[in-house]
Each structure stands twice: as structure tokens, then as C-alpha cells.
Amino acid sequence: MNKKQKKVLIVITCIVIASTIFFYNKNRQENKAVSNIIKEAYSTNITIRNNAIEKLKIFASKGNSVAMYRYSEILLNLNKIQEAIQLLELSSKAGDKKATLLLGATYILETEQKLKGFNLVNRLAEDGQPLAQSFLSFC
């Protein structure tokens, strides 16, 4: 490797490191904001709770996995099953195991797609997820 190639490699490495740090900090700040919103979503003050739920919805629509999961929980509590399933499917496809478990449980408990739900939960149980194993034992 000549001197010019080494310089290019060093510059590329620095850019990758800087980008990683930037996105890590951005995600960390965003998740901290989402965490605060989640606390407000369970407030006894209806105005604060409703504002927090709207903010959570916005973060969820932007693809924040924590917001997607928590907003889907709220949707399930409001009996908006199909909306919750759509969010959980997106979050599950992104690799969120907690969302996959909730999606599977929702299919089993709230829809006619019980086999689909069982397969999701079973796959998690086989991967050693204790909550999935416990859920299956209750099924």
C-alpha cells in the first residue's frame, strides 16, 4: 500500500468513526426523549398523557423502535389491534424481539391468525427467550 492509499484509508476510517459517533449520540438523545415521553404517557393528567401519546406516535412514525413498541402497547390498550399489529410487524422485521413476542401474542390472543402467532413465539422460545417460553407454556 502506497502513501496515498494509506492517507485515503485513514480519511475514510475517520469519516466512518465520526459518523458512527454522531448517529450513536443522536439515537441516544432520541431514546432519552422517548423515555421521558413514555413516562408522560402514563400521567394521570389527561392533557399531558394525550400530548405524550401524540409525541410517541410521531417518534414511532419516524421508525424509532422503542417508540414503535410503546405506542403499539398503547394502541392495544385502546383496542386498536390492526394499527398495533402494523407497528409491531415493522418493529419485528427490524429485529426487535420484544416486539416479535408482543406481535405473536397479539395474533394468538386477538386475531384468527393463531398459527402465525404461535410460529413467531415458538421461534423466539427456541432461541432461548424466557418470556416466549413462559408464554408458550401458558398456551
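Asker: Which residues make up the overall build of the protein chain, and what values do they have?
Answerer: Helices and strands together make up the secondary structure of the protein chain, namely 7 helices and 0 strands. For the protein chain, the N- to C-terminal ordering of α and β elements is α-α-α-α-α-α-α. Considering only contacts in the protein chain between residues 6 or more positions apart, those separated by 24 or more positions represent 34%. When the accessible area of the protein chain is evaluated, it comes to approximately 9,600 Å², of which 58% is carbon and sulfur surface.

Asker: Explain the packing of helix H6 (residues 114-126) against helix H7 (residues 130-138) to me, using residue names and the numbers behind them.
Answerer: In contact at an axis separation of 7 Å, H6 and H7 are set at 130° when each is read in the N-to-C sense. Considering their axes alone, H6 and H7 lie oblique with respect to each other. Judged by the twist between their axes, the crossing of H6 over H7 is left-handed. Packed against H6, whose contacting residues are Phe118, Val121, Asn122, Leu124 and Ala125, the element H7 presents Ala132, Gln133, Phe135 and Leu136 at the interface.

Asker: Tell me about the pattern of salt bridges, and please be specific about residues and values.
Answerer: Tallying each qualifying case throughout the model produces 2 salt bridges. Lys116 serves as the salt-bridge partner of Glu89, at 3.9 Å between the closest nitrogen and oxygen. In this pair, Glu89 is assigned in helix H4 (residues 81-93) and Lys116 in helix H6, connecting sequence segments 27 residues apart. On the basis of relative accessible area, Glu89 is assigned to the partly exposed category, the value being 25%. According to the relative accessible area criterion, Lys116 is partly exposed, its value standing at 42%.

The rules behind each value
- Residues numbered from 1 in each chain as written.
- Predicted model: local features only at pLDDT ≥ 70, side-chain atom pairs only at ≥ 80, totals over all residues.
- Heavy atoms only, no water.
- Helix = DSSP H or I, 4+ residues; strand = E, 2+ residues; numbered from the N terminus.
- Contact = heavy atoms within 4.5 Å.
- Areas by Shrake-Rupley, 256 points an atom, 1.4 Å probe, with all protein chains shown as cover.
- Axes fitted to C-alpha atoms, helices over the stretch in contact; angles between N-to-C directions.
- Parallel < 35°, antiparallel > 145°, perpendicular 65-115°, else oblique.
- Left-handed = near helix turned anticlockwise from the far one by under 90°.
- Salt bridge = Lys/Arg side-chain N within 4 Å of Asp/Glu carboxyl O.
- Buried < 20%, exposed > 50% of the residue type's maximum accessible area, 1.4 Å probe, protein only.

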